[in-house]
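# An overview of the molecular structure
Spelled out, the chains give:
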Amino acid sequence: MIRVLLAEDMHLIRDALAALIELEEDMRVVGRVATGEAAVALGLELRPEVVVLDIQMPGRLDGLDAARELRERAPECGLLMLTSMGNPELLRRALAIGARGFMVKDAPPARLAEAIRRVAAGETVVDPNLAAAAIAGRPNPLSQREAQVLRRAGEGAELAEIAAEFFLSKGTVRNYLGAIVTKLDARNRLDAVRIAVENGWI
């Protein structure tokens, strides 16, 4: 029996995914959570064969952050990332972390079930069209910290708020944002956010 932990912040989608998985005779949903932090905590407790993680979740840890932590602390758990956007940069980041699967949310239910089985078996499952786009796409020039800072700036957070969240000084945050604008060849911070979002870097 393949034990599956679901991490998805949208209640309806989480319940729909759970219902689809429970229809499979060889699978059982052992947990449902709405945040990256909860996914890590329950993943470490239950050690399921597969953790299905939505890439974009609220809170301190998004899906990729949670996947990274689970990979380090519970490497036996297979990680299958779900996203509403078939973005090559997100795929590259997920694979770099050690995720074994990458699926878009509108994939047919049978394909999701098959992906869970393959990830549980230690295989890598990636949509072939997305894989081709990832190879051809522009690589992300931002460091992980730069992406985090820019994401928070894009959400409207003030310098002091960002500095406190990441244990940095306001001057360091200002320097990060200046470096990001330069790296992305952007006109200003707002333009940098737009460029990064369009390319799936934040």
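The sections below set out a description of the structure shown in this document. (Residues numbered from 1 in each chain as written. Predicted model: local features only at pLDDT ≥ 70, side-chain atom pairs only at ≥ 80, totals over all residues. Heavy atoms only, no water.)

From N to C terminus, the protein includes ten helices and six strands. Over its C-alpha trace the protein gives a radius of gyration of 18 Å, about what one expects of a compact globule, namely 17 Å for 202 residues. Dimensions along the principal axes, computed over C-alpha positions, put the protein at roughly 55 × 35 × 30 Å. For the protein, the residues scored as buried account for 46% of the 202 residues in total. By element, 54% of the accessible surface of the protein is carried by carbon and sulfur atoms, the whole surface being about 9,800 Å². (Helix = DSSP H or I, 4+ residues; strand = E, 2+ residues; numbered from the N terminus. Rg over C-alpha atoms; globule rule 2.2 N^0.38 Å. Buried < 20%, exposed > 50% of the residue type's maximum accessible area, 1.4 Å probe, protein only. Areas by Shrake-Rupley, 256 points an atom, 1.4 Å probe, with all protein chains shown as cover.)

This paragraph deals with unusual backbone geometry. The backbone of Arg47 shows a phi angle near 50 degrees, a positive value even though the residue is not glycine. Assignment of secondary structure puts Arg47 in the loop between α2 (36-46) and β3 (50-54). When its relative accessible area of 32% is taken as the criterion, Arg47 is described as partly exposed. The backbone phi angle of Asp185 is positive, close to 55 degrees, even though this residue is not glycine. For Asp185, a relative accessible area of 68% translates into the label exposed.

Looking now at the pairing of strand β2 (residues 27-33). With six bridges joining them, strand β1 (residues 2-7) and β2 adopt parallel strand pairing. Residue pairing across strands places Leu5 opposite Gly31, the latter belonging to β2. The handedness of the β1 to β2 crossover, carried by helix α1 (residues 11-22), is right-handed. (Pairing = 2+ DSSP bridges. Right-handed = clockwise from strand over helix to strand, strands pointing away.)

Ordered in space as β2-β1-β3-β4-β5-β6, the six strands form an open sheet in which the pairing is parallel. Each having just a single partner strand, β2 and β6 (125-126) make up the two edges of the open sheet. Relative to strand β4 (residues 78-83), β3 runs parallel, the two sharing five bridges. In the sheet register, Asp54 faces β4, and the bridge partner there is Leu82. Where α1 meets the sheet, it contacts β1, β2 and β4, and its direction lies at approximately 165 degrees from that of β2. This element, helix α4 (residues 88-97), spans β4, β5 (101-104) and β6 of the sheet and lies at about 155 degrees to β5. (Contact = heavy atoms within 4.5 Å. Axes fitted to C-alpha atoms, helices over the stretch in contact; angles between N-to-C directions.)

Our focus in this paragraph is the side chain of Arg152. In this fold, Arg152 is placed in helix α7 (residues 144-154). If near-sequence neighbours (up to four positions away) are discounted, Arg152 is found in contact with Ala157, Glu161, Ile162, Glu165 and Phe166.

Right, let's get into helix α3 (residues 63-73). Turning to α3, its buried residues are Gly63, Leu64, Asp65, Ala66, Ala67 and Leu70. Buried residues along α3 sit against α2, β3, β4, α4 and α7. Backbone nitrogen of Leu64 and a side-chain oxygen of the N-cap are separated by 3.1 Å at the start of α3; the cap is Asp62. (Polar contact = N/O pair within 3.5 Å; in protein donor to acceptor, adjacent residues only side chain to side chain.)

The next point concerns the packing of α3 against α4. The interhelical angle for the contact between α3 and α4, taken along N-to-C directions, is 15 degrees, at an axis separation of 9 Å. On the basis of their axis angle, the class for α3 and α4 is roughly parallel. With respect to the hand of their crossing, α3 and α4 are arranged in right-handed fashion. The residues of α4 that touch α3, namely those facing Leu64, Ala67, Arg68 and Arg71, are Leu90, Arg93, Ala94 and Ile97. When its residues are assigned to classes, the contact of α3 with α4 shows five nonpolar, no polar and three charged. (Parallel < 35°, antiparallel > 145°, perpendicular 65-115°, else oblique. Left-handed = near helix turned anticlockwise from the far one by under 90°. Nonpolar A, V, L, I, M, F, W, Y, C, P; charged D, E, K, R; others polar.)

Here we come to the pattern of salt bridges. The tally for this structure, following the rule as stated, stands at 18 salt bridges. Asp15 is paired through a salt bridge with Arg32; the nearest N and O atoms lie 3.0 Å apart. Taken together, the positions of Asp15 in helix α1 and Arg32 in strand β2 put the pair 17 residues apart, joining distant regions of the chain. Put simply, Glu24 and Arg117 hold a salt bridge, and the shortest N to O gap is 2.6 Å. With Glu24 in the loop between α1 and β2 and Arg117 in helix α5 (residues 109-120), this residue pair connects regions lying 93 residues apart in the sequence. A relative accessible area of 25% means that Arg117 is categorised as partly exposed. Among the charged side chains, a network of salt bridges with common partners joins Glu24, Asp26, Glu114 and Arg117. (Salt bridge = Lys/Arg side-chain N within 4 Å of Asp/Glu carboxyl O.)

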